[in-house]
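# Structural overview
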Amino acid sequence: ALLCGVPTVQEVALGHLEWARPVFIEPAELGRRYPQFILSEAGLKEGRWWTLVSSVFLHLDTEHLLNNSLCLLVNGLHPFLDLGHLGLYGTFFATAAVCAMNRRGFACQLEAQIEGAIPRAPDRIGPLAVPEGA
């Protein structure tokens, strides 16, 4: 329920919630304060350490939010059963901070997204083969 308490980026762009629910901050206000919540190296250098965790609550759209909630539901069962809700929250926030600091993983993810957005060159143009690496 906590993850659903923050509007998605899409809802910020729309200016309203896509589905009724209680939220900690309204879409328009989140839009104004967005830089205070996103994780960036500049933000950390400026002392916004909380972005290591606050960025976990920012989701692109409802599908992203629901997928993350499902993942938390499936993968959070054992920490909850073994450690209780304080252990689950501790595990959630600790892993969020560790993942946020994973610069190499973030760079690889970004590179994969960029490569996926660039169309591949065709293997052939008519009867001519396109050279490797073109």
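All values derive from a computational prediction rather than experimental measurement.

## Quick word on the pattern of salt bridges
Two side chains that carry opposite charge are able to pair once their charged atoms sit near each other. One pass over the full model with this rule turns up 4 salt bridges. Put simply, Glu-29 and Arg-32 hold a salt bridge, and the shortest N to O gap is 2.7 Å. One end of the pair, Glu-29, and the other, Arg-32, are both in helix α2 (residues 27-37), 3 residues apart, so they sit about a helical turn from each other. Arg-48 is the partner of Glu-46 in a salt bridge, and the nearest nitrogen-oxygen pair spans 2.7 Å.

## What to know about the side chain of His-59
You can see His-59 is positioned in the loop between α4 (51-54) and α5 (62-75). We classify His-59 as buried; its relative accessible area is 2%. At 3.3 Å, the side chain of His-59 forms a polar contact with the backbone oxygen of Phe-57. Here the side chain of His-59 touches Asn-68 through a polar contact of 3.2 Å, side chain to side chain.

## Topic: the packing of aromatic side chains
Scanning the model with the defined rule gives 4 aromatic pairs in all. When the ring of Trp-49 is compared with that of Trp-50, the centres are 5.9 Å apart and the planes differ by 80 degrees; the resulting orientation is edge-to-face. A relative accessible area of 62% means that Trp-49 is categorised as exposed. Three or more aromatic residues link up through ring pairs in this structure, and these residues are Phe-57, Phe-92 and Phe-93.

Parameters at a glance
Residues numbered from 1 in each chain as written. Predicted model: local features only at pLDDT ≥ 70, side-chain atom pairs only at ≥ 80, totals over all residues. Heavy atoms only, no water. Salt bridge = Lys/Arg side-chain N within 4 Å of Asp/Glu carboxyl O. Helix = DSSP H or I, 4+ residues; strand = E, 2+ residues; numbered from the N terminus. Buried < 20%, exposed > 50% of the residue type's maximum accessible area, 1.4 Å probe, protein only. Polar contact = N/O pair within 3.5 Å; in protein donor to acceptor, adjacent residues only side chain to side chain. Phe/Tyr/Trp six-rings, centres within 6.5 Å; stacked < 30°, edge-to-face > 60°.

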